[in-house]
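Working through the structure, step by step
This is what each chain is made of:
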Amino acid sequence: LNEVGKLTDLARGERIYSARFMGEKAYIVTFRETDPLFVIDVADPKNPAVLGELKIPGFSNYLHPLDDTHLMGIGYDTEVKVDSYSKQQIVYTMGMKISLFDVTDVKNPIEVDNEIIGGRGTYSDVQHDHKALYRDPDNGHYGFPISIYDKDQYVGSGALVYHITPKGIELAGDFVKKAQGEQYENWGTMVRRLLYIDNILYTIANDEITAYDKQNFNKKGSVVLK
């Protein structure tokens with residue numbers, strides 16, 4: 001492979017958390033204390049150039065295009081606190097965060113809407129594996145498996161589906177089984193994937209498959225895997 005072009009000193013001291021190439025544009029998220037979303041012109045591979053950026057709390061581990069001018073980001077909300085001993089600022093990862101970005105104006109991208117799920121400890125496979133993202137773009141539905149914690153307490157696990165359009169983010173389907181005294185999620189009942197066949201949505205756990213109506217999310221039935 002031969003280097004054609006490069007972009008240096010993009011965000012000194014920060015890490016790249018996600019990137020998405022869409023036509024002649026690239027979108028990159030870096031992070032240290034805030035989440036800069038960079039819009040980059042890659043029409044000329046020899047001379048990539050930053051067109052605009054947006055700084056908001058948190059960061060996105062995954063970027064997904066909704067259309068030519070809107071992106072969905074999935075990552076975490078963050079909170080900056082001063083350590084009582086060292087007096088240094090420490091960044092704490094909090095609940096999961098879904099962001100909706102409007103990049104119509106490449107020089108001034110904006111966050112149209114966001115959704116914070118749970119608190120510190122909340123986790124989903126979609127944070128590191130894009131195949132865990134449920135996509136039904138015809139209905140504007142996007143979902144993922146999730147284990148929810150709040151204030152260091154286990155809340156429940158399962159899956160969530162959101163209706164996400166350029167106008168905003170709304171919860172559409174809640175398949176989270178609430179904790180019944182457990183301190184942690186059960187490996188066997190954790191949902192790992194969501195998929196649909198025709199008009200049926202399936203949640204796939206390690207020991208159970210459950211079917212729901214894809215339109216209204218009413219439960220149709222389930223089968224236990226032995």
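So, a few notes on the structure that sits alongside this text. (Residues numbered from 1 in each chain as written. Predicted model: local features only at pLDDT ≥ 70, side-chain atom pairs only at ≥ 80, totals over all residues. Heavy atoms only, no water.)

The subject of this paragraph is the pairing of strand β7 (residues 89–102). In regular strands, side chains alternate between the two faces of the sheet. Two elements, strand β6 (residues 70–82) and β7, share twelve bridges in a ladder whose sense is antiparallel. Within the sheet, the bridge partner assigned to Met 72 lies in β7 and is Leu 100. From the end of β6 to the start of β7, which pair antiparallel, there are six residues, and Lys 87 there has a positive phi angle of about 65 degrees. In terms of strand pairing, β7 meets strand β8 (residues 110–117) through seven bridges, oriented antiparallel. Its bridge partner being in β8, Phe 101 is matched across the sheet by Glu 111. (Pairing = 2+ DSSP bridges. Helix = DSSP H or I, 4+ residues; strand = E, 2+ residues; numbered from the N terminus.)

With that out of the way, let us pick up the sheet that holds β7. Ordered in space as β5-β6-β7-β8, the four strands form an open sheet in which the pairing is antiparallel. Only two strands of the sheet have a single neighbouring strand rather than two, namely β5 (59–67) and β8. When strand polarity is set aside, the average angle formed by the axes of neighbouring strands in this sheet is 35 degrees. (Axes fitted to C-alpha atoms, helices over the stretch in contact; angles between N-to-C directions.)

What follows is about empty space enclosed by the protein. All chains considered together, the criterion is met by one cavity of 30 Å³ or more. Counted as a void, the largest cavity has a volume near 60 Å³. Tyr 123, Ser 124, Asp 125, Pro 145, Ile 146, Ser 147, Ser 157, Gly 158, Met 190 and Val 191 are the residues that line the largest cavity. Among the secondary structure elements, those contributing two or more residues to the lining of the largest cavity are β10 (141–150) and β11 (153–165). Of all the elements, β10 adds the most residues to the lining of the largest cavity, at three residues. Of the residues that constitute the lining of the largest cavity, the class distribution is five nonpolar, four polar and one charged. (1 Å grid on protein atoms, 1.4 Å probe; cavity = no way out; pocket = protein on both sides within 12 Å on 5 of 7 lines; lining within 4 Å. Points joined across faces, edges and corners; volume = space filled by probe spheres on them. Nonpolar A, V, L, I, M, F, W, Y, C, P; charged D, E, K, R; others polar.)

The subject of this paragraph is the packing of aromatic side chains. The tally for this structure, following the rule as stated, stands at nine aromatic pairs. Taken together, a centroid distance of 5.7 Å and an interplanar angle of 85 degrees make the contact between Tyr 17 and Phe 31 edge-to-face. Separated by 14 residues along the polypeptide, Tyr 17 in strand β1 (residues 15–22) and Phe 31 in strand β2 (residues 25–31) bring together distant segments of the chain. Seen from their ring centres, Phe 175 and Tyr 212 are 4.3 Å apart, and the 35 degrees between their planes marks the pair as tilted. Within this pair, whereas Phe 175 is found in the loop between β12 (168–174) and β13 (177–178), its partner Tyr 212 is found in strand β16 (residues 208–213), the two being separated by 37 residues in sequence. For the pair Phe 175 and Tyr 212, a shared accessibility class is recorded, and that class is buried. Following the ring pairs from residue to residue traces out a cluster consisting of Tyr 17, Phe 31, Phe 59 and Tyr 76. (Phe/Tyr/Trp six-rings, centres within 6.5 Å; stacked < 30°, edge-to-face > 60°. Buried < 20%, exposed > 50% of the residue type's maximum accessible area, 1.4 Å probe, protein only.)

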